[in-house]
Amino acid sequence: MQYKTETRGSLSYNNNNSKVMNNMNVFPSETLAKIESMAAENAVVIFSVSTCCMCHAIKRLFRGMGVSPAVHELDLLPYGVEIHRALLRLLGCSSGGATSPGALPVVFIGGKMVGAMERVMASHINGSLVPLLKDAGALWL
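Here the structure is a predicted model, which means the values were calculated and not measured.

Here is what the cut-offs are and how they apply
- Residues numbered from 1 in each chain as written.
- Predicted model: local features only at pLDDT ≥ 70, side-chain atom pairs only at ≥ 80, totals over all residues.
- Heavy atoms only, no water.
- Disulfide = S-S within 2.5 Å.
- Buried < 20%, exposed > 50% of the residue type's maximum accessible area, 1.4 Å probe, protein only.
- Phe/Tyr/Trp six-rings, centres within 6.5 Å; stacked < 30°, edge-to-face > 60°.
- Helix = DSSP H or I, 4+ residues; strand = E, 2+ residues; numbered from the N terminus.
- Lys NZ or Arg CZ within 6 Å of the ring centre and 35° of its normal.
- Salt bridge = Lys/Arg side-chain N within 4 Å of Asp/Glu carboxyl O.

Draft legend 1. Looking closely at the state of the cysteines. A full pass over the atoms with the stated rule returns 0 disulfides. Not engaged in a disulfide, the cysteine Cys52 finds its nearest cysteine sulfur in Cys55; these two sulfurs lie 3.1 Å apart. Residue class for Cys52 comes out partly exposed when judged on its relative accessible area of 21%.

Draft legend 2. Seen up close, the packing of aromatic side chains. Counted under the stated rule, the structure contains 1 aromatic pair. Geometrically, the ring pair formed by Phe47 and Phe108 is edge-to-face, given 5.6 Å between the ring centres and 75° between the ring planes. With Phe47 in strand E3 (residues 44–48) and Phe108 in strand E5 (residues 106–109), the pair connects residues that are 61 residues apart, well separated along the chain. Residues Phe47 and Phe108 agree in their burial class; the two are buried. The residue whose ring lies beneath Lys34 is Tyr79, and the NZ or CZ to ring-centre distance is 4.7 Å.

Draft legend 3. Up close: the pattern of salt bridges. Applying the stated criterion across every chain yields a total of 1 salt bridge. Glu73 is the partner of Lys59 in a salt bridge, and the nearest nitrogen-oxygen pair spans 2.7 Å. With Lys59 in helix H2 (residues 53–64) and Glu73 in strand E4 (residues 70–73), the pair connects residues that are 14 residues apart, well separated along the chain. For Lys59, a relative accessible area of 9% translates into the label buried.

This is the structure in C-alpha cells:
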C-alpha cells in the first residue's frame, strides 16, 4: 500500500503514522530510549533543524557562553521525524504535529530536558542557566 508523503519545511513526513505511534498514541519505547541515549551523550544536547533561525540562535547562545553542545539536526537524520514527534509529545504539544511553532530547538542539559527556546531564554535571563550548565559540567568558571 502506498502512502502520500507531505513535505513541510525541511522535513518530509509520511502519513503512515503506524511506525511512529501505536494505536494509543504512545511512542515506541525504542524512540524514547534513542532520545534518552542521545541526550546523555554530552553535557548539553540540542535537537535542531538546520534551517531554523531559532535553532541557530540557541546554538550561538551556548557557543557564545563557551559551551560545546552536541547538536542533532533532525532534518538530516533518517529517523529525525520520529524523534521530532516524540520531542513534541515530551514538550506537551497537544497536536503532536511536526510543525508546531516554537517546538524546536529542544535542549537537554545534564541529560534532563530543559525545554524549547522560550524556556532556555527565560532561564538565561533569570540567571538559572549558568548554574545548570555548571552542575552538568558544561562550564567550569
